[in-house]
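# Descriptive analysis of the structure
So you can see what is in the structure, the chains are spelled out below.
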Amino acid sequence: MVRVLLNVPKRVKRDEPFDVKLLISHPMESGQRRDDMGQPIPRDIINSFVCTFDDEEVLRADLFPAIAANPFLSFAVTVQASGTLAMTFVDDHGTVQTETASITVE
Amino acid sequence: MMRRRFLMLSGAGLIVPLAPVRPTHATPAQVAALISELVGDAALHDARVKLDLPVMVENGNSVGMTVSVDAPVGDVRSIDVFAEGNPLPHVLRVRFGPRAGAPRIATRIRLATSQTVTAVAKLSDGSCWRDSVDLLVTLAACIDN
Amino acid sequence: MTWRIALAALLVMAAGEPHSGYQDASPETRAMQDDDASNPGFLWVQQGETLWNQRTGGDGRSCADCHGAAPVAMRGVATRYPLFDARLGRPITLTQRIEQCRVERQGASPLSPDSDALLGLTAYVGLQSRGLPLQVATDGPVRLYYEAGKALFDAREGQLNLACAQCHDDLAGQRLAGAIIPQGHPNGYPEYRLEWQGMGSLERRIRNCMVGVRAEPFAADALELVELELYLGARANGLTIETPAVRP
């Protein structure tokens, strides 16, 4: 389990896009670096990300080693009623982590 | 004179065959091929996509990037970003779903060196749109660590 | 003789008024710092907040159990560090104070100085002083240590034979390999450095700088580092705390 900072607005308007900001604590080891002994440091990144709202997809992304460490993602969501935003990401080991946030439509 | 010295060196076994050098970065040709594969037979237009990246990059470890498409979000199938100067050229692929609020994503990327970064968007009608940014990546002044 | 004075005056002018390294960073780096939702330093602040409230150690007490809520209890605290610890008879940094509290009063096991946990706690405490001006004392029992710190700042060191003052006083504002040389203020620490791809302490930065001039860096717990930080803090008095800052 890695640390995640998720920012969503407290209240949103129905059918009006709002921004979601996500920070994930992860070194995103590219696989291109070498250690002090000259040995390659193996790749170890979060490679996929899916955001859904009440089981409907918002977006899905394939992430590659060029995504910077401690990945930041920001994108827009539109909803019609209050519900749950879920963000799931998978790393190179196959570890799956999901973070959720309630979205309240005023 | 030179020939004698050469023979002496090879006799001493000092001349060794060089191991093949692994390329340290992708090439514009590689990215062009990836884009070609992505686009297929469709036409590729240089419009409608906005790739927002600073032209002068202070530190290649983390560069803020926003890519967006001037089209209704429901019409945008995918956005791909390529960095021709990175060891691995594919940076990101995004696909938008029914709850997406806008055909836009912001993130931070790594850039190994000064290069051209390209974004290609595919719309549901099959058309493809592109934007690219030529940027300069500066290195840290002090050797850290 | 007068041309030397004129040149010195020009150099001082070029270096400019004391200003935060924030102003020397690119607009993109500043934007990263300005938005708490996109500032990676807040991943560490979040960890620090969790630790502040976590019961630990022999008596199972949290920082909150003694101090209460950090935004109230820790407000202004970071502006005064390093400061003199009467019992130890020497100045200590904020991180050292936090560790002292954890080990002696909570009975918790020691954390290493550049551990995420200690960086997180220091960043969380530092955040409670964000926007407040540094007011590090230089009089009283710290005076000698302050002078020692200044001497370290002014002394040439390393194979490159450079003193901190030469880059960060005389040449601040000019460029070194494309980057603007900052004045070297400590007001953003612990900070997220793009070069590190992570969070780090002022100690780490100073030690890296020493390696940069090819000098043997001070040990992480060396008194010299505290003296230097005391001098740097006082030198930056008036500048506001930006913890957790983002820098290239």
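Presented here is a report on the structure given in the accompanying data block. Given the structure is predicted, the values throughout are model-derived calculations rather than measurements.

## Describing the overall build of chain A
Scanning chain A from N- to C-terminus turns up 0 helices and 7 strands. In sequence order, the secondary structure elements of chain A are arranged as β-β-β-β-β-β-β. Each principal axis of the C-alpha distribution contributes one length, and for chain A these read about 60 × 20 × 20 Å. Put simply, of all contacts in chain A between residues at least 6 apart along the chain, 56% involve residues at least 24 apart.

## Some remarks on the overall build of chain B
Along chain B, the regular secondary structure elements total 2 helices and 9 strands. Ordered by position in the sequence, the α and β elements of chain B form the string α-α-β-β-β-β-β-β-β-β-β. Out of the 145 residues in chain B, the part that is buried amounts to 38%. A fraction of 69% describes how many contacts in chain B between residues 6 or more apart in sequence connect residues 24 or more apart.

## Points about the interface of chain A and chain B
Facing the 27 residues of chain A at the interface are 26 residues of chain B. Looking at the side of chain A that touches chain B, the elements that each hand over two or more residues are strand S4 (56–63) and strand S5 (72–77) of chain A. Ranked by residue count, the leading element in the side of chain A that touches chain B is S4 of chain A, at 8 residues. The residue makeup of the side of chain A that touches chain B, split by class, is 19 nonpolar, 4 polar and 4 charged.

## Regarding the pairing of strand S9 (residues 128–137) of chain B
Residue and element names in this part refer to chain B. In the sheet, strand S1 (residues 44–45) pairs with S9 via 2 bridges, with the strands oriented parallel. Bridge assignment links Leu44 to a residue of S9, and that residue is Cys128. Taken together, the 2 bridges between strand S3 (residues 56–57) and S9 define a ladder with parallel strand orientation. Of the residues in S9, the one forming a bridge with Met56 is Leu136. Relative to S9, strand S8 (residues 115–123) runs antiparallel, the two sharing 8 bridges. Residue pairing across strands places Gln115 opposite Leu135, the latter belonging to S9.

## Digging into the interface of chain A and chain C
Between chain A and chain C, the contact holds 10 residues from the first and 9 residues from the second. Listed by contribution, the elements that provide at least two residues to the side of chain A that touches chain C are strand S1 (4–7) and strand S2 (18–24) of chain A.

## Overview of the sheet that holds strand S7 (residues 246–247) of chain C
Strand order in the open sheet formed by 3 strands is S6-S5-S7 (chain C), and the pairing between neighbours is mixed. Strand pairing shows two members of the sheet lacking a second neighbour, strand S6 (198–200) and S7 of chain C, which therefore form its edges.

## As for the environment of Arg156 of chain C
Residues and elements named next belong to chain C. Structurally, Arg156 is set in the loop between helix H8 (143–154) and helix H9 (164–170). For the pair Arg156 and Gln166, spaced 10 residues apart in the sequence, the C-alpha separation amounts to 8.7 Å. Setting aside residues up to four positions removed in sequence, Arg156 forms contacts with Asn161, Leu162 and Ala163.

## Describing the environment of Phe53 of chain A
Inspection of the secondary structure assignment puts Phe53 of chain A in strand S3 (residues 46–53). Between the C-alpha atom of Phe53 of chain A and that of Phe18 of chain A, which follows or precedes it by 35 residues, the distance is 13 Å. Phe53 of chain A has contacts with Val58, Val77, Val79, Gly83, Leu85 and Ile103 of chain A together with Arg99 of chain B, leaving out every residue within four places of it along the chain.

What counts, and where the lines are drawn
- Residues numbered from 1 in each chain as written.
- Chains lettered and ligands numbered in written order.
- Predicted model: local features only at pLDDT ≥ 70, side-chain atom pairs only at ≥ 80, totals over all residues.
- Helix = DSSP H or I, 4+ residues; strand = E, 2+ residues; numbered from the N terminus.
- Contact = placed C-beta atoms within 7 Å.
- Buried ≥ 20, exposed ≤ 12 C-beta atoms within 10 Å, placed from the backbone.
- Nonpolar A, V, L, I, M, F, W, Y, C, P; charged D, E, K, R; others polar.
- Pairing = 2+ DSSP bridges.

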